[in-house]
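Commentary on secondary and tertiary structure
Chain by chain, the residues run as shown.
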Amino acid sequence: MIRQRHNPVILLIYFLCVFMAFSACYYSTSQGSRSGDIRDIVIPLFENTTVEPGIEETLTDTVIEQFLTNGEYRIVGIRQADAAIIGVITDIQEESVAFSQGTTAQEVRLWIVVDVRFETVDKKEVIWEERQLRAFGDYAIDTGTETDREPAIETAIDKMAEEILNQSISGW
């Protein structure tokens, strides 16, 4: 039987790749990722400085739903809360992303822009803060009415709520 000799450089590269794969950082939503002793949070109604009516209620409700589904924190009233998610919807932007022949827009990207912070209730210490956090949804211009925009707004709100949750539980 002939025994094959393996190139030591190739073996070294293989073992280094395996080692790096197993020692790489990973994302976790375990209880250990919480910030300090925070267990109970409040999510007051987001402020809306845009002209988009009702978006603050929808975004706030969706953020609360994300936190309830995740279960990392309990949603409580302000008096029982350890921390709060405070948000301000600062802008709604739309940009054309697809055009028909000529310059007529066929598809639009709708951006929701939010300033948001996660802070302790008692000392107002900021755990994390993000200014100009952006999330988008796309829509096709079919009817030329507001009903074309609604799915894009819902998508952008879902993405924004998910990002706020992820930032809050990541422990970064």
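Residues numbered from 1 in each chain as written. Predicted model: local features only at pLDDT ≥ 70, side-chain atom pairs only at ≥ 80, totals over all residues. Heavy atoms only, no water.

1. Some remarks on unusual backbone geometry
Keep this limit in mind: For the purposes of this entry, the term helix denotes a DSSP run of H or I that reaches at least four residues, the term strand denotes a run of E that reaches at least two, and both are numbered from the N terminus.
Non-glycine residue lysine 124 carries a positive phi angle of around 60°. Relative to the helices and strands, lysine 124 resides in the loop between strand S5 (105-120) and strand S6 (126-140). The phi dihedral of glutamine 132 falls on the positive side, at around 60°, and the residue is not glycine. Its place among the elements puts glutamine 132 in strand S6.

2. Regarding helix H3 (residues 150-169)
As a reminder, the rule being used: What a helix is expected to span follows from its residue count: subtract one and scale by 1.5 Å. The classification of residues rests on relative accessible area computed with a 1.4 Å probe and restricted to protein chains. Under 20% of the type maximum is buried, over 50% is exposed, and intermediate values are partly exposed.
With 20 residues, H3 should reach 28 Å at 1.5 Å per residue; the first-to-last C-alpha distance of 29 Å fits that figure. Every buried residue of H3 is accounted for by Ala152, Ile153, Ala156, Ile157, Met160, Ala161, Ile164, Leu165, Ser168 and Ile169.

3. Quick notes on the pattern of salt bridges
What counts here: Salt bridge, as used here, is a side-chain nitrogen of Lys or Arg placed within 4 Å of a carboxyl oxygen of Asp or Glu.
Counted by the stated rule, this structure contains seven salt bridges. Of the charged contacts, one joins glutamate 119 and arginine 117 as a salt bridge, the two residues approaching to 2.7 Å between their closest N and O atoms. A salt bridge links lysine 124 to glutamate 119, with the shortest nitrogen-to-oxygen separation between them at 3.9 Å. Assessed through its relative accessible area of 6%, glutamate 119 is described here as buried. Connected via shared salt-bridge partners are Glu52, Glu94 and Arg149.

4. Some remarks on the environment of alanine 81
Just so we agree on the cut-off: Here a residue-residue contact requires only that any non-hydrogen atoms of the pair lie within 4.5 Å.
Here alanine 81 shows up in the loop between strand S3 (74-75) and strand S4 (83-99). Setting aside anything within four residues of it in sequence, one finds alanine 81 in contact with Asp40, Ile41, Val42, Val76 and Val121.

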